[in-house]
Amino acid sequence: MSDRIVVAGVGVDTRHWIGGERVASVTTFTDTSPIDGRALGEIARGGPAEASAAVAAAKAAFPAWAATSRTERARLLHAIADGVEKRIEELAVVETNDNGALLRSHRRGVMPRVAHNFRFFADWLLKLDHEDFDTFPSGGSAAGRGHTNHVSWDPAGPSVLITPWNAPLMLATWKVAPALAAGNTVVLKPAEWSPLTASLLADIAAEAGLPAGVLNVVQGYGSEIGDALTSHPDVRRISFTGSVPTARHIAASAAANLTPLSLELGGKSPLLVFADADLDLAVDLAVEQYDNAGQVCLAATRILVEESIADEFTRRFIDKAIQLTQGDPRDEATDLGPNIHPRQLEKIDGFVQRALAAGARAVIGGQRTDVGGQYYAPTLLTDVAQDSEIVQEEVFGPVLTLQTFADEDEAVRLANDTRFGLAATLATGDPERAERVTARLVAGTIWVNCFFVRDLQAPFGGSRLSGVGREGGTWSFDFYCDVKNTVTAPNGWNNHG
Ligand code: NAP
Ligand code: MG
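This is a predicted model, so every value here is computed, not measured.

## Considerations on the site of ligand 1
Moving on, step 1. Around ligand 1 there are 31 residues in total, and Glu192, Ser243, Thr246, Leu265 and Glu394 lie nearest to it.
Moving on, step 2. Contact distances for ligand 1 include 3.0 Å between an oxygen atom and a side-chain N or O atom of Trp165.
Moving on, step 3. Glu264 places a polar side-chain atom, nitrogen or oxygen, 3.3 Å from an oxygen atom of ligand 1.
Moving on, step 4. Protein chains bury 89% of the 900 Å² of accessible surface belonging to ligand 1 in isolation.
Moving on, step 5. Of all the elements, helix α8 (residues 222–230) adds the most residues to the shell around ligand 1, at four residues.
Moving on, step 6. In terms of residue class, the shell around ligand 1 is made up of 14 nonpolar, twelve polar and five charged.

## Some words on the coordination of the magnesium ion (ligand 2)
Moving on, step 1. Note on the magnesium ion (ligand 2): its protein donors are Asp31 (OD), Thr32 (O), Asp98 (O), Asp98 (OD) and Trp193 (O). The metal-donor distances range over 2.2 to 2.5 Å.
Moving on, step 2. Donor residues binding the magnesium ion (ligand 2) come from one chain and are separated in sequence as D-T-x65-D-x94-W. Linking Asp31 in strand β5 (residues 28–32) with Asp98 in helix α3 (residues 88–99), this pair joins segments that are 67 residues apart in sequence.
Moving on, step 3. The buried category is assigned to Asp31, whose relative accessible area is 1%.
Moving on, step 4. Asp98 sits in the buried class, given a relative accessible area of 1%.

## Topic: the pairing of strand β15 (residues 302–306)
In summary, the side chains of a regular strand alternate between the two faces of the sheet.
Moving on, step 1. Among the five residues that make up β15, five are buried, leaving the element largely enclosed by the rest of the structure.
Moving on, step 2. Covered by surrounding structure in β15 are Arg302, Leu304 and Glu306 together with Ile303 and Val305, the residues of both alternating faces.
Moving on, step 3. Handedness of the crossover is the feature at issue here: the chain leaves strand β14 (residues 270–273), passes through helix α10 (residues 279–287), returns alongside β15, and the resulting connection is right-handed.
Moving on, step 4. As judged from the five bridges shared by β15 and strand β20 (residues 399–405), these two strands associate in the parallel manner. Bridge pairing in β20 places Glu306 opposite Phe405.

## So, the packing of helix α2 (residues 70–86) against helix α6 (residues 168–181)
Moving on, step 1. Look at α2 against α6: their axes get within 9 Å of each other, and the N-to-C directions meet at 155°. Taken together, the axes of α2 and α6 are roughly antiparallel relative to one another. Contacts between α2 and α6 involve Arg73, Leu77 and Ile80 from the first element and Ala177, Leu180 and Ala181 from the second.
Moving on, step 2. For the contact of α2 with α6, the per-class residue count stands at five nonpolar, no polar and one charged.

## Some details on the pairing of strand β8 (residues 148–155)
Moving on, step 1. Examined bridge by bridge, strand β7 (residues 135–137) and β8 share three bridges and lie antiparallel to one another. What sits directly across from Thr135, in β8, is His150.
Moving on, step 2. Pairing analysis gives eight bridges linking β8 to strand β24 (residues 481–488), with the strands arranged antiparallel. Its bridge partner lying in β24, Pro155 is registered against Cys481.

Cut-offs applied
- Residues numbered from 1 in each chain as written.
- Chains lettered and ligands numbered in written order.
- Predicted model: local features only at pLDDT ≥ 70, side-chain atom pairs only at ≥ 80, totals over all residues.
- Heavy atoms only, no water.
- Near = heavy atom within 4 Å.
- Polar contact = N/O pair within 3.5 Å; in protein donor to acceptor, adjacent residues only side chain to side chain.
- Areas by Shrake-Rupley, 256 points an atom, 1.4 Å probe, with all protein chains shown as cover.
- Helix = DSSP H or I, 4+ residues; strand = E, 2+ residues; numbered from the N terminus.
- Nonpolar A, V, L, I, M, F, W, Y, C, P; charged D, E, K, R; others polar.
- Donors = N, O, S within 2.8 Å, 3.2 Å for Na, K, Ca; no water.
- Buried < 20%, exposed > 50% of the residue type's maximum accessible area, 1.4 Å probe, protein only.
- Right-handed = clockwise from strand over helix to strand, strands pointing away.
- Pairing = 2+ DSSP bridges.
- Axes fitted to C-alpha atoms, helices over the stretch in contact; angles between N-to-C directions.
- Parallel < 35°, antiparallel > 145°, perpendicular 65-115°, else oblique.
- Contact = heavy atoms within 4.5 Å.

Here it is, written out as C-alpha cells:
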C-alpha cells in the first residue's frame, strides 16, 4: 500500500495520525469518488489496536494540554484556522472529489466556515475567562455568611469524535475545535466514505504546532474500530454525528463506562408554508432543500402547504426545480451533484419506489438521472399518507414530500407527527402566527422565513430521535468540560457555622 495518494494534485497521507506520527495498518479499504465511482486510493483500515493506540496517545497528551493556558490554546486554534485558510482550495477539491458535494460551496462556504469553527471557539474560550461570570456569593440558607461559589470548567479528558460523510470537515471541526479549546485531547474518526480531509486537518494541526497526541485521527469501518473507541474506559466524552441505528449502538457501547454522549442524528423536518407567506420566498426555501443532493440532516424534506395556495405553490416549485442543473460537482454551474455511494442511491430509490407503489405521485423526478454517475433526480412526491414510510423515515437524498393542511392546528399536528425533532422552517407573513406556531413545534432549531442560518454561539441539536444534548457556544463547553463548583468559607467561619 502506498502511504500517500494524490487527489486532484493534492497529496493526502492515507495512514492514521496517532501521537504525532503516521501509522499504517496491515489492511486497507478503498476510498472512491462519487463523481464517477473511481477509486481514489487505499486507506489504512484500523481496528481495536489502532483505537487503543490513539486513545493512549490522547491520554498521554492530556495533562499537558489541559494545563496549557487558555491564551496559548486559543493561539494554537487560530494558527490552525490560518492553516485552513491557506489551504482552502486544496481542502475544497479533495472534499469534492471524496464526497461529491459542490466545489463552489466547499470553496466559498464550507472551508471558510471550517476556519471560523476554530476562530470562534478560540475567542469564546477567552471570553469564558471572566471572574465575575464564574463567581457569586451564596444565597439561601448560607446567605450573609460570605461563602463564595466559584464555578470552573475543567477539561474532561480524551474525547472520541465520530463524524458522517455528508459534510466531513465541517462537522469534524465543529467538534474538534470546541473539544481542543476546552482542553481535551481528541481521537477523530471520520466516515469511511469520506476520510481524506481529516487527514489533511492532521497535517494542518501539526504544522500549526499542536503538540503530538492532542489530535489523533484514525480511519476504519464503523464498528470494527468504533466499538473499541466508544467502550474504552479512558475516553471521557463521545460526540457523534450520524444515524439513529449507529447512535443506539454507540450508546450501548458507551454504557459500560457511562461515558457522556452528545448525539446529533437524523431528521424529517417540516417546511410549513402558510397562505400569508411571500410565495417566492417559500418556493426558494423549498427548492433549497435539494442542496447537497438532499444529504443534509437539517433538510426540510416534508413540505406542508396551506390548501388554498397548494396548486399555485406546486406550479411555481416545479418551474424552479426543473431549472436545477445536475452534474459534475466541480462545475460552477452545477446545483446538484451525485449521491455519496451506490448503496445510498439504492436506498434512496428503494424509498421512492415503495412510496410510488403505495400510491404516491412523483410530480417531478422519481428515478435516477443518467448523467454518468450515481445521481438521483430531484423528486417531489404528493399523495402521501402521514403514517407512510416516505413521510416518517429519513431518506437522505433529493426527495421531498408535499402535503396540505387546512389550518394552523393541522399544520402543527402534521409537523410534529414523526419520531424526529431536529429542525423546522416556517414561511409566513404574520409575526404573531410565527410566534404561536414556533411555540408549539418540537425542534432543536426553527427558522422563520429563512433556512440554514447558523451562528456558532447558538445551541444546536435535536429533540426525540434527532439527538441528545446540544453543542454550540457555551453548550459545547458544558459538554466537553467537567463543570466544577468550589464553595469557599470566609475567614473565621467553619463549614457548619
Ligand atoms: P452512520 O452510518 O451512522 O455513520 C456515522 C459515523 O459513525 C461514520 O463515521 C461511521 O463509520 C461511524 N460508525 C458506524 N458504526 C459505528 C460504530 N459501531 N461505532 C462507532 N462508529 C460507528 O451515518 P452516515 O450514514 O455516515 O450519516 C448520515 C446520517 O447522519 C443521517 O442520518 C444524517 O441525518 C445524520 N447527520 C446528522 C447531523 C446532525 O447534526 N444532526 C449532521 C449530519 C448528518 P463508517 O463510515 O465506517 O461506517
Ligand atoms: Mg469517498
